[in-house]
Every structure is written in structure tokens, then in C-alpha cells.
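Here is how the chains run, residue by residue.
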Amino acid sequence: MKSAAKRIYIALIVLFLYAPIGTLMVLSFNASKTRAKWGGFSFKWYIALFQNEEILRALANTLLIALLSSLIATVIGTIACIAMTGMKRQAKSILMGITNIPMLNADIVTGISLMLLYISLGIRFGMGTILLSHITFNIPYVILSVMPRMKQLNPSTYEAALDLGSSPINAFFKVVFPDLLPGILSGFLMAFTMSLDDFIITHFTKGVGVDTLSTKIYTEIKKGIKPEMYALSSLIFVTVLTLLVLINLSPDKKEKK
Amino acid sequence: MKMNQRFRLNSIFVLLALLTVISLTGCTSSVKGVNGQVIVYNWGEYIDPETIRMFEEESGIKVIYDEFETNESMYPKVESGAVAYDIACPSDYMISRMIENGMLSEIDYEKIPNAKKNIGAEYYDQAKGFDPENKYAIPYCWGTVGILYNQTMVDEPITRWEQLWDEKYADNILMQDSVRDAFMVSEMLNGFSMNTLDPAELEIAKESLIRQKPLVQAYVVDQVRDKMIGGESAIGVIYSGEAIYTQQENPDLVYVIPEEGTNVWIDCWVILKNAPNKENAEKFIDFMCRPDIALINFEYITYSTPNVAARDLIEDESVKNSEIAFPDLSQYDNLETYVYLGEDGDSLYNELWKEVKSY
């Protein structure tokens, strides 16, 4: 009885989470342009998608910005974490608080303040401003996921490496870095998804003619969102799903061996 | 040892800085065309991308094209000056607001011969509602707001706004979820101007909307289209531009301009006051007013074009003479365009609309 209730509960959660995505994927195969009518099964929106230069350019922009910004933020964030471990307690907690603020801050506030900053500095809006903004809001997420790992480290291993004649840099990359790696990776992934997701900050800091997927979809509101977007969203979802399955499968195999 | 370490750290920073600089400069420096560039700010999906390509090829001017989703989101972007746009395409009431705030530059019709030649005089007349001397705006797309109804779901033809208050159609009516459009319906019903600022009239209009509320199935924006095609509702308030498309999908649907009168909206090209490439902007607008180009855009957007010469080129007679796409404006004497109501007027409307929605 109890386990049946549990199963139904889980099933409901999964249903609510995935019903919208399921609807979208079904609609992406609808030959008719309207959601109200089933015009037959068709791949035509997928074909149209790969012929639509604007959508593809927006997709390329989105991926490029997500990749660059999360990479740079990961490097900066990790270095910041290393620096913070060497700080006094008070200074450390102050710095930690400062880096947390952008995360708690509403996106729209961050977006508008960045826009005003760029205007007052006379920076031209374009890909560069989007990238800078994304790096800015990504850094706290990296710090948030690297810092706990840093605290778990046993400082003796690093000192032992030094005692055995390793240079500090060498000791860092050979001893500290491998222990930090899971934190760095999850920070990178979090930053990547944050950047991929972002609409509001991009909306305020983007330049003319530069669009990411989210801003591109938003401009289609007046005339209705084109079914090509359904197709693209389905493709992205399937890609992410396969990636997740692959990542989650491989450690299991190792353990079995 | 220590030197070595510092050197390595430094080189990491230098590399990082270089990477950032490269990515920044690589992206911000936009390629200019042989004859410079023009920066256009238009509604999303409001032009056939092919026509931009054709313009670039013919003129050697690089078009930097940017899109907005509402008049309200366009305005602060232009005003902030973060980007110096040359051309924008706002709607009627927003144009009057921009004129009032001195954001537009006067049109030199000599430089844009196609604008006077191809665009119908009746549309310039209609535009006088927000641009009294036709000094700033060149009509690009227009349409009416009307009633779309499903023949199989109503007892008699719908011809008046009044019928949206008929209890027979309870739970079968879709209203627009926007202040001006909702109040326009109610103001027309009561015989007021849709730009009225008279508190007594607005109070009556508000009462009417509250009276209608129990009959309304939903206040929606772009779902009217899909809901009407799917037969989920009998009557909906919709823009004429969407009506043709819905009829193609569901032949039972009929679009009417209500007898009490309605709103005519016009989206126009305007050149901004501080346009850095004014000459190119004029060339761009002139190109878009060419009949063949306007026809391509009409077929892509499917919103009515004010370009009479382009309409003559339409091959499909049923579209060319469509009462929906091209109603004879002279037949109606109660069509109005929205004008900017001023900040106080806007907040008064918003306040009343909030009362309706929360009633």
C-alpha cells in the first residue's frame, strides 16, 4: 500500500515535470503550424530549422557564449577559491558574502546595472558585453561549488608534496587539483547551464543584431513562436538527456568491475 | 624556483587577459558594407529576411538588424542610447509619444520617393491621428481589431460589440489581455472615443467590462488564434492580420469589423533623431516601399500592407480583394487610432484595468 502510494507520487512528479516537454516534442512533428490541429506526422520543421540561418546563428552564439563564459568563470572562480583559503577568517567571510550577493540579486537588477555600467564606460554593446556579463554572474556559482571541496582538502598532503621536493605549482596540479576536480567540473557545468538559460541579463546587455536563443524566441511573441523552435528545443532536450544518461552510466560500470 | 613560479602565474593571467581581449574585439568590430551601414530596430518576424539580403546586395549597405517584442520594451532601449539605431518601426500611439519627446527626425520625402508614390493616401490620413502633419512616420503594416467567430457555434451572425455581452455566449468569449484593446471594446460599446480621458466615461467603460467578466472564457493575447482554430471558443477579439491565417486553418471562422467602430492600428517606419546613418536609413525605407519588395514582405508577414502598388501585384484575387486584409476604410466613419495618453493617462488606464482584472 505504502509503496504503491510512493510510486504514484513519483509518477505524478515525473508527469508534471515532463508533460510540457512531451507536448513540445509531439508538436515538433506536427505538419500543421497551429497547435490546435494535427496535420499529420512530418519532419518538415526539422528540415526548416537547419535552413534557417537566423536560428542557427542564435544557437551558435548561445553555445559560444555559454562555453567561453563558463570556462573563463571557472578559471577565475577557482583561482579566487585558492586565494580565499589563504586569507584570514574575517576577510574570507566578507569576500564570500560579496560573491554571494550577485546570486541572490534579482536578474533584472544585475542586467540593468550592467547595462548602465557599460553605457557610462562607453563600451559598445555586442557579443563582448554579453560575454562579460555572463562571466560576471557565473563566477559566484563556480566559487559556490569549488569552495566546499577546498575546505574538505587535507592540507597535509600538499605540505607532504612540498617536503618531498615538489615545486608549489607542481604540488598544486599533482595533489590539490585532482581533489578539486569534481567541484571544478560541477561548477563549470552549473555555470554553463546558467549561461545557456539566461534571458534577462542577456536582454539588457546584448548589442544590435546579436541574439541568443532565448532573446530570439522572445522576439517572436508578436507573430507567434515558429514550430522550428519546437524542433530545436526537442533536439536540445534529447542531446542533454543522452549526455546525462552517458555520464550516469559510466561510473556504474566501473563499480561493477 | 620562486621566480619560475611567479613567471608561470603571470603568464596564465596574461593569457587570460589576451583571450578576453581577443574575444571582445573579435566580436564588437562589425563588418561594414562598402557604403556603410544602417541599424534597424523592428518587431520580431516582421520582415522577410530575403528582402534585407536583397537590399544589402543592391545598395552595398550593411544592415544591422535588431528585433523587439513590444512597443514598451522598444522605447527604453532607444531612449537609453545604448545603441544608436537609425530606423525603428513602432506602433501609432508609441510614435506620438516619441514625437512628443523629440526622439524622431523629420522625413525628407524627396529622398524617399517610393513612400509618397506607392503608399495609399488614406493611410497617411489615418496616420494623422498620431502624426498630424505626416512629418515623421511612413506606414509599413496596418490592420483592424475585430471579432472572429465560429459560424457553427453561434445562432446568428455577430456584427456588434454588444453581442460580446450576450449571456447566450457565456464562457465562449475570448477577450484581449491588454489594457488599451480591452478598454477600446468597452468604449466603442458605450459610444465613447477610444482615447478618452474623461473619468466619468472611463468609469462607465470599466463597469461594462466588469459586467462582461463572468461571460469571458479567458483574457488572452496570442492564444486567440489557436483556441479559435481548435473550436475551443465561439467568439474572440483578434487582430485582422491573424484572421486570414485562422480562416485558412478553419473555414468556419468569420471575421467582422463591428458596427460600433473599432481601432485601426498602423506600424510605421520612423527615422530616429540621432540616427548616425540618416542617408542609408532613407535608402532602406525607400527600398522597403518598393512594390515588389513590399509584396514579398506582405506574403511573409500576412499583415495588411498600406502599399497600394504592392496590393495591385497580388495574383490571388481572393487575397487581393479580401475584406479582411483590405477593408475599404472610407466605408467606416468610426475607425480610430490610438494616441499616446501621457503618463497620467497611462497610469489611469492601468489602474482601472487592474480593478477589472481583480474584481
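Owing to the predicted nature of the structure, the values given are computational and were not obtained by experimental measurement.

Draft legend 1. How the structure looks around the overall build of chain A. On a plain count of helices and strands, chain A comes out with 11 helices and zero strands. Ordering the α and β elements of chain A from the N terminus gives α-α-α-α-α-α-α-α-α-α-α. Here chain A, with 257 residues, has 37% of them falling under the buried criterion. Pairs at least 24 apart in sequence give 70% of the contacts found in chain A among residues at least 6 apart. Only carbon and sulfur atoms are counted for the fraction: they give 71% of the accessible area of chain A, which is about 14,700 Å².

Draft legend 2. Up close: empty space enclosed by the protein. Residue and element names in this part refer to chain B. All chains considered together, the criterion is met by four cavities of 30 Å³ or more. Estimates place the volume of the largest cavity at around 110 Å³. Broken down by secondary-structure element, the contributors of at least two residues to the lining of the largest cavity are strand 5 (137–150) and helix 12 (291–301). In terms of residues, the lining of the largest cavity owes the most to one element, helix 12, which gives four residues. Tallied by class, the residues present in the lining of the largest cavity amount to 12 nonpolar, four polar and no charged.

Draft legend 3. Expanded view of the interface of chain B and chain A. With 44 residues of chain B at the contact, the number on the chain A side is 38 residues. Across the chain B to chain A interface the summed buried area is about 3,600 Å²; carbon plus sulfur atoms make up 61%. In terms of surface lost to chain A, no three residues of chain B exceed B:E45, B:E69 and B:K77, which account for 17% of the buried area on that side. At the boundary of chain B with chain A, the tally comes to four salt bridges. Ionic pairing is found between B:D66 and A:K206, a salt bridge with its closest N-O pair at 2.9 Å. On inspection of chain B and its partner chain A, the count reaches six residue pairs in polar contact (both at pLDDT 80 or more). By residue number, the principal contributor to the side of chain B that touches chain A is helix 1 (residues 2–28) of chain B, which donates nine residues. Grouping the constituent residues of the side of chain B that touches chain A by class yields 21 nonpolar, eight polar and 15 charged.

Draft legend 4. Here's a closer look at the side chain of B:E187. All names here are of chain B. One can find E187 in helix 7 (residues 179–189). Look at E187: it is buried, it has no salt bridge, and the nearest opposite charge is R180 at 6.3 Å. Those residues in contact with E187 that sit more than four places away from it in its chain are F192, S193, M194, T196, L202, A205 and Y349.

Draft legend 5. Expanded view of the layout of surface pockets. Residue and element names in this part refer to chain A. Quantified by volume, the second largest pocket comes out at close to 1,200 Å³. If you trace the second largest pocket, you find 33 residues lining it, with T193, L196, I236, F237 and V240 closest to the centre. Counting residues per element, the ones that place at least two in the lining of the second largest pocket are helix 1 (2–28), helix 2 (44–51), helix 3 (53–85), helix 8 (168–197), helix 10 (213–219) and helix 11 (227–256). Top element by residues in the lining of the second largest pocket is helix 11. It accounts for 13 residues. Partitioning the lining of the second largest pocket into residue classes produces 26 nonpolar, six polar and one charged.

Draft legend 6. View of the packing of helix 3 of chain A against helix 6 (residues 127–152) of chain A. Residue and element names in this part refer to chain A. Where helix 3 meets helix 6, the axes come as close as 6 Å, and the angle between the chain directions of the two elements is 45°. Taken together, the axes of helix 3 and helix 6 are oblique relative to one another. Judged by the twist between their axes, the crossing of helix 3 over helix 6 is right-handed.

Draft legend 7. Representation of the pattern of salt bridges. Residues and elements named next belong to chain B. Per the stated rule, a full pass over the model turns up 25 salt bridges over all chains. Between K128 and D125 there is a salt bridge, and its shortest N-O distance comes to 3.4 Å. One salt bridge connects K206 with E203, and the closest N-O pair in it is separated by 3.1 Å. Of this pair, K206 and E203 both sit in helix 8 (residues 199–212), separated by three residues, roughly a single helical turn. K206 sits in the buried class, given a relative accessible area of 7%.

Draft legend 8. Quick look at the nonpolar core. Residues and elements named next belong to chain B. By size, the foremost hydrophobic cluster in this structure holds 126 residues, and its most contacted members are I138, L164, M175, F183, I235, W269 and F284. Of all the elements, strand 5 adds the most residues to this core, at nine residues. Leaving out residues up to four positions away in the same chain, F183 has contacts with L202, A205, K206, L209, Y349, L352, W353 and V356.

Scoring rules and cut-offs
- Residues numbered from 1 in each chain as written.
- Chains lettered and ligands numbered in written order.
- Predicted model: local features only at pLDDT ≥ 70, side-chain atom pairs only at ≥ 80, totals over all residues.
- Heavy atoms only, no water.
- Helix = DSSP H or I, 4+ residues; strand = E, 2+ residues; numbered from the N terminus.
- Buried < 20%, exposed > 50% of the residue type's maximum accessible area, 1.4 Å probe, protein only.
- Contact = heavy atoms within 4.5 Å.
- Areas by Shrake-Rupley, 256 points an atom, 1.4 Å probe, with all protein chains shown as cover.
- 1 Å grid on protein atoms, 1.4 Å probe; cavity = no way out; pocket = protein on both sides within 12 Å on 5 of 7 lines; lining within 4 Å.
- Points joined across faces, edges and corners; volume = space filled by probe spheres on them.
- Nonpolar A, V, L, I, M, F, W, Y, C, P; charged D, E, K, R; others polar.
- Buried area = accessible area lost by both parts, 1.4 Å probe.
- Salt bridge = Lys/Arg side-chain N within 4 Å of Asp/Glu carboxyl O.
- Polar contact = N/O pair within 3.5 Å; in protein donor to acceptor, adjacent residues only side chain to side chain.
- Lys, Arg positive; Asp, Glu negative; His and termini not counted.
- Axes fitted to C-alpha atoms, helices over the stretch in contact; angles between N-to-C directions.
- Parallel < 35°, antiparallel > 145°, perpendicular 65-115°, else oblique.
- Left-handed = near helix turned anticlockwise from the far one by under 90°.
- Core = buried A, V, L, I, M, F, W, Y, C linked by side-chain atoms within 4.5 Å.

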